Amino acid sequence: MSFALGPALLFVPGDRPERLSKALERADAAILDLEDAVAPDAKADARAQLIAADPDPDRVIVRVNGPETPDFALDLDALARTRVRRVMVAKAEDPASLAPLEEYEVIALCETARGVVAAEQIAALPQVVALMWGAEDLVASLGGTSSRHDDGSYRDIARLARARVLLAAGAFGKRAIDAVHVDIADLDGLSDEARDAVASGFTATACIHPGQVATIREAYAPPPEQVEWARGVLAAAEGERGVFRHEGRMIDEPILRHARSLIARAG
């Protein structure tokens, strides 16, 4: 799988490319956004600035407008005139609509009811390397008003969508990206969500402010004691066949996979 950019992905408005270099200094990758971050009357200028900037193809993702919008084809035309070949498709709903992107690495953003329901079919596409979900657009597509309770926790419908997108990605060997935490000042809440994300199987979390990057990275980095345990159990497994006991705990292949994942995250 070629898509592996680290845990903190920072959105940058597509009509503010001057912010891109600082975003790349701070985050593991930048998502140059031609969709929600750009006003309708500024989208043409944002596309022109994308072509002029021709950003780093290794660490930049371009989010394009949804396939059902007239801006989608215009975004793809602009994208084709750059070196960038990793694209995030907003409001991905129909697998057939992603056919024009067979030469790209596609991150499908399942952020509507239709998109979440189609997540499995979207994840099966060979050009799709990752799925992401979005909470607020999802609830809006259902006629709701908020994805969260007053205490900041997700409503059940958002939790269901998050889980379904994660499962769809995992079922087809694709990566999963967790949604942004829109309360920029709530770093404790972001930390809790990011820790839950990595423990559940997400490989990255998107963010909307540079001040959120360090919190995400810290959450995704495994504690030293967990890394030490993982190395110990993998070393013990070399002399064992099948299930065995290590430090009073039964160890089988799923536990060994957990250990390998910890080692991979530790670098």
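Computed from a predicted structure; not experimentally measured.

Conventions we followed
Sequence positions are assigned chain by chain, starting from 1 and proceeding in written order. Selection of residues for local features in this predicted model requires a pLDDT of at least 70, selection of side-chain atom pairs for listing and counting requires 80 or more, and totals for whole chains, interfaces and linings are taken over all residues. To obtain the side-chain values, all non-hydrogen atoms of the structure were included, while hydrogens and water were left out. Two strands make a pair as long as DSSP finds a minimum of two bridges between them. For helices the rule is a DSSP run of H or I covering at least 4 residues; for strands it is a run of E covering at least 2, with both sets numbered from the N terminus onward. A fitted line through C-alpha atoms serves as each axis, taken over the contacting stretch for helices, and the angle formed by two N-to-C directions is quoted from 0 to 180°. When checking whether two residues touch, look at their non-hydrogen atoms; a contact exists if any pair is within 4.5 Å. What is meant by a nonpolar core is a set of buried Ala, Val, Leu, Ile, Met, Phe, Trp, Tyr and Cys residues, joined one to another through side-chain atoms within 4.5 Å. Using a 1.4 Å probe on the protein chains alone, a residue whose accessible area is under 20% of its type maximum counts as buried, one over 50% counts as exposed, and one in between counts as partly exposed. Orientation labels follow simple angle bins: below 35 degrees gives roughly parallel, above 145 gives roughly antiparallel, 65 to 115 gives roughly perpendicular, and whatever is left gives oblique. Take the far helix as the reference: if the near one is turned anticlockwise from it by less than a right angle, the crossing is left-handed, and if turned clockwise, right-handed. Side-chain classes are defined by residue name, with Ala, Val, Leu, Ile, Met, Phe, Trp, Tyr, Cys and Pro counting as nonpolar, Asp, Glu, Lys and Arg as charged, and the others, Gly among them, as polar.

### What about the sheet that holds strand 3 (residues 60-64)?
Spatial strand order, 1-2-3-4-5-6-7-8: 8 strands in a closed barrel with parallel pairing. In this sheet, adjacent strand axes meet at a mean angle of 25° when their direction is disregarded. For strand 3 and strand 4 (residues 86-89), the ladder comprises 3 bridges, and the chain directions are parallel. Across the sheet, residue V62 finds its bridge partner in strand 4, namely V87. Sitting on the sheet, helix 3 (residues 71-79) touches strand 3 and strand 4, and the angle it makes with strand 3 is about 155°.

### Here we look at the nonpolar core
Side chains that are nonpolar tend, in soluble globular proteins, to be buried together. Membership of the largest hydrophobic core comes to 61 residues, with the highest contact counts inside it found for V62, L101, I122, L131 and W133. In terms of residue count, the dominant contributor to this core is helix 7 (residues 156-171) (6 residues). I122 has contacts with A92, E93, P95, L98, A108, C110, G115, V128 and L131, leaving out every residue within four places of it along the chain.

### Quick word on the environment of P67
In this fold, P67 is placed in the loop between strand 3 and helix 3. Linking P67 and E136, residues 69 residues apart in sequence, is a C-alpha distance of 19 Å. For P67, the contacting residues outside a window of four places in its chain are F72, V89, A90, K91 and S97.

### Side note on the packing of helix 2 (residues 43-53) against helix 3
Packing of helix 2 against helix 3 leaves a shortest axis separation of 9 Å and a crossing angle of 20°. Regarding the angle of helix 2 to helix 3, the classification is roughly parallel. In the crossing of helix 2 with helix 3, the sense of the turn from one axis to the other is right-handed. When helix 2 is examined against helix 3, the residues K43, R47, L50 and I51 are found in contact with a partner set consisting of D71, L74, D75, A78 and L79. Considering only residue class, the contact of helix 2 with helix 3 consists of 5 nonpolar, no polar and 4 charged.

### Points about unusual backbone geometry
Look at K91: it is not a glycine, yet its phi comes out positive at around 50°. Note on placement: K91 falls in the loop between strand 4 and strand 5 (105-110). For K91, a relative accessible area of 25% puts it in the partly exposed group. Positive phi, normally seen in glycine, also occurs at E247, with a value near 55°.

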